[in-house]
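One letter stands for each residue in the lines below.
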Protein chains: 2
Amino acid sequence: MSLKVEEVSKIYGKRNVLDHVSIDFESKKIYGLLGNNGAGKSTLLNIINNRIFSTVGKVDLNGEKISDNEKTLNKIYLTSEDNLYPSKIKIKSLFKLTEKFYGEFNWDLANHMLLEFELDSSKYLNKLSTGYRSITKLIVALCVPCEYIFLDEPILGLDANHRELFYNFLLETYQDRLRTFVISTHLIEEISNLLEKVIILESGKVIVDENVEDLMDETYILSGSIDEVESFLDHVQVLGKEILGGSMTAYVKGNLSRKSLGNVKVSRMNLQDYFKKITNRKKAK
Amino acid sequence: MSLKVEEVSKIYGKRNVLDHVSIDFESKKIYGLLGNNGAGKSTLLNIINNRIFSTVGKVDLNGEKISDNEKTLNKIYLTSEDNLYPSKIKIKSLFKLTEKFYGEFNWDLANHMLLEFELDSSKYLNKLSTGYRSITKLIVALCVPCEYIFLDEPILGLDANHRELFYNFLLETYQDRLRTFVISTHLIEEISNLLEKVIILESGKVIVDENVEDLMDETYILSGSIDEVESFLDHVQVLGKEILGGSMTAYVKGNLSRKSLGNVKVSRMNLQDYFKKITNRKKAK
């Protein structure tokens with residue numbers, strides 16, 4: 001199974017919100033979809049889920065076009081920041097409605113999650129705080145029978161304990177039944193060790209589409225005297241440089257393993273560091 | 001100037017959402033208002049700002065009761081997660097409306113923030129993403145002439161660069177004109193070095209109301225052999241203990257300075273660690 005986004009662009013007025021985006025979402029992987037505010041993440045998720053139309057390009061699931069195809073659309077699920085539910089509905093009614101629509105619903109997991117998050121399912125959706133609205137959406141997303149689950153800012157308003165609880169439930173349910181999760185979030189550090197693949201959008205373009213492990217294996221922070229650090233920068237991609245007095249810190253991507261590093265100190269970048277460097281280059285000192 | 005919450009309780013049905021809450025918000029300080037989902041933070045903020053009524057208790061500004069007193073209410077501002085604005089309004093119209101209501105508006109700062117956040121003020125509020133809706137609310141909050149500014153989850157949906165930008169603007173405007181900010185957030189680590197005072201709510205009760213610096217000066221993590229660590233625990237408040245094999249890690253609050261610590265390793269807690277320990281004791285191992 002594979003979900004392919006092919007050459008998708010979306011133009012609003014004069015603005016190119018998505019610009020020739022192509023992504024091949026593999027089956028049974030956990031993806032991070034990262035990007036700063038305004039990068040186009042939500043637009044992309046809405047197009048994949050047929051909630052808005054692309055200006056050009058298409059989205060296929062197993063070779064079948066997603067738009068106008070109810071059978072394929074039932075295999076993907078997006079929990080969005082927009083409130084698309086009827087507002088005066090109880091949580092348990094929402095679960096039943098979801099079961100009706102998707103044909104199945106994991107009630108065991110839902111009840112377990114309600115208990116752990118201390119959420120009463122006889123409450124009305126519109127009476128919940130931001131945090132508990134997020135939790136309700138998360139429960140639905142983990143309990144639908146779909147093969148592709150898209151989570152748009154799933155942890156909005158969740159406290160630290162609840163975020164940890166969610167990450168644990170996500171991993172558990174993923175191991176129980178492998179499927180693809182695509183998680184869009186601004187809290188990169190917290191989620192990075194759940195991710196197998198990462199896609200980074202900037203100004204509507206895909207600028208990174210890689211395995212997280214591979215990526216982390218070839219990104220480094222070099223620090224030392226300006227001359228020494230500079231001598232390593234020819235054969236790597238320089239993501240950023242900082243100079244303080246006579247010393248330099250450089251953020252680089254590439255293969256350093258075969259070179260002697262002398263007095264230059266080498267440390268690892270984490271995904272959040274990498275993201276900040278690559279999406280904020282104009283502001284990098 | 002001082003804003004006093006006195007013995008405020010709020011009961012919904014059988015649930016005591018706020019339980020005899022008393023807080024004295026000093027003038028010209030930056031407060032963190034922390035608490036897990038459901039602790040009562042938003043209810044408290046809404047009562048202080050007269051959007052909902054307390055079951056018992058009162059809120060005074062300089063000795064004057066806030067409810068039914070337009071003059072005192074104009075001195076405090078709450079930016080809330082609820083969308084209380086007319087939905088089909090442009091950002092700049094919202095700013096003008098705010099100026100009319102509060103008599104003043106810092107247009108210089110607003111324009112500077114719009115520029116730095118790359119937000120076009122001719123956009124409609126209801127067309128904005130969660131992140132940009134948060135940014136709009138932040139601009140309004142920093143530009144009103146009020147003496148008490150309450151920010152309820154101000155950085156919902158903001159990317160890392162935008163969060164940093166907001167923290168900088170907050171500090172700048174605070175230094176330009178001292179007033180009280182009360183910030184409710186789940187991203188404690190990021191904001192902790194902005195805070196002078198911290199209030200922690202749990203199950204509707206105030207469990208911490210302290211200076212951040214003092215608090216951080218007397219919270220420690222002790223690790224070593226079980227016997228050695230145990231010998232220090234009599235005269236301090238134990239927030240949590242973890243045992244692994246023959247060694248123990250204890251999270252404590254108290255004065256350790258006069259004791260010899262032997263082989264016990266001592267390290268500092270940060271505010272996020274402290275928060276997690278103190279609000280999650282039943283789950284602590």
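Worth saying up front: this structure is predicted, and the values here are computed from it rather than measured.

*Asks:* Can you tell me about the sheet that holds strand β5 (residues 64-65) of chain B, naming the residues and giving the values?
*Replies:* Residues and elements named next belong to chain B. With antiparallel pairing, the four strands of this open sheet are ordered in space as β2-β1-β4-β5. Bordering the open sheet on either side are β2 (15-26) and β5, each of which pairs with just one other strand. Pairing geometry for strand β4 (residues 56-61) and β5, over two bridges, is antiparallel. The residue bridging Asp 60 from the neighbouring strand is Lys 65, located in β5.

*Asks:* Any chance you could break down the relation of the copies chain A and chain B for me, citing the residues and the numbers?
*Replies:* Once chain A has been moved 0.0 Å along the axis and rotated by 180°, it coincides with chain B to within an RMSD of 0.0 Å. What we have between these two chains is a two-fold relation. Of the C-alpha atoms belonging to chain A, the one lying closest to the rotation axis is found on Leu 156 of chain A, 3.2 Å away. When the interface residues of chain A are mapped onto chain B, 97% of them again lie at the interface, so the same face is used by both copies.

*Asks:* Account for the packing of aromatic side chains, naming residues and giving values.
*Replies:* All names here are of chain A. Throughout the structure, instances matching the rule amount to 20 aromatic pairs over all chains. Where Phe 25 meets Phe 150, the ring centres are 5.8 Å apart and the plane angle is 90°; that geometry is what we call edge-to-face. Of this pair, Phe 25 sits in strand β2 (residues 15-26) while Phe 150 is found in strand β7 (residues 148-152), placing the two residues 125 residues apart along the sequence. Here Phe 25 matches Phe 150 in class, with each residue buried. Each ring, one from Phe 95 and one from Phe 105, has its centre 5.2 Å from the other, and the planes form 35°; the classification is tilted. In this pair, Phe 95 sits in helix α3 (residues 91-102) while Phe 105 sits in the loop between α3 and α4 (107-116), placing the two residues 10 residues apart along the sequence. A relative accessible area of 1% means that Phe 95 is categorised as buried. Assessed through its relative accessible area of 9%, Phe 105 is described here as buried. Following the ring pairs from residue to residue traces out a cluster consisting of Phe 25, Tyr 31 and Phe 150. Geometry around Tyr 251 places Lys 277 over its ring, the cationic atom sitting 4.1 Å from the centre.

*Asks:* Just give me the short version of helix α1 (residues 41-48) of chain A, but keep the residues and values in it.
*Replies:* All names here are of chain A. Of all eight residues in α1, seven are buried; the element is thus mostly enclosed. For α1, every residue scored as buried is listed here: Lys 41, Thr 43, Leu 44, Leu 45, Asn 46, Ile 47 and Ile 48. Among the residues trailing α1, Asn 50 stands out with phi positive, at a value near 65°.

*Asks:* Tell me what's going on with the domain arrangement of chain A, and back it up with residues and numbers.
*Replies:* Residue and element names in this part refer to chain A. Each domain of chain A was delimited in the assignment, giving domain 1 (2-211) and domain 2 (218-283). When each unit is reduced to the centre of its C-alpha atoms, the spacing between domain 1 and domain 2 is 34 Å. Tallying the contact residues gives 13 residues for domain 1 and 10 residues for domain 2. In total, about 960 Å² of surface goes out of reach between domain 1 and domain 2, with carbon and sulfur atoms giving 65% of it. Here domain 1 and domain 2 share one salt bridge between them. Linking Lys 253 and Glu 210 is a salt bridge whose minimum nitrogen-to-oxygen distance equals 2.7 Å. Across the domain 1-domain 2 interface, the total number found is three residue pairs in polar contact (both at pLDDT 80 or more).

*Asks:* Give me the lowdown on the pattern of salt bridges, citing residues and values where you can.
*Replies:* Residue and element names in this part refer to chain A. Within the structure shown, the criterion is met by 24 salt bridges over all chains. Across the salt bridge formed by Arg 177 and Glu 147, the nearest N and O atoms sit 3.8 Å from each other. Of the two residues, Arg 177 sits in the loop between α6 (160-176) and β8 (180-184) while Glu 147 sits in the loop between α5 (130-143) and β7, which places them 30 residues apart along the sequence. Under the relative-accessibility criterion, Glu 147 is labelled partly exposed at 25%. A cluster of three or more residues bridged by salt bridges with shared partners is formed by Glu 26, Lys 29 and Lys 197.

Conventions adopted
- Residues numbered from 1 in each chain as written.
- Chains lettered and ligands numbered in written order.
- Predicted model: local features only at pLDDT ≥ 70, side-chain atom pairs only at ≥ 80, totals over all residues.
- Heavy atoms only, no water.
- Pairing = 2+ DSSP bridges.
- Helix = DSSP H or I, 4+ residues; strand = E, 2+ residues; numbered from the N terminus.
- Least-squares fit on C-alpha atoms with pLDDT ≥ 70 in both.
- Contact = heavy atoms within 4.5 Å.
- Phe/Tyr/Trp six-rings, centres within 6.5 Å; stacked < 30°, edge-to-face > 60°.
- Buried < 20%, exposed > 50% of the residue type's maximum accessible area, 1.4 Å probe, protein only.
- Lys NZ or Arg CZ within 6 Å of the ring centre and 35° of its normal.
- Domains from an automatic or database assignment.
- Buried area = accessible area lost by both parts, 1.4 Å probe.
- Salt bridge = Lys/Arg side-chain N within 4 Å of Asp/Glu carboxyl O.
- Polar contact = N/O pair within 3.5 Å; in protein donor to acceptor, adjacent residues only side chain to side chain.

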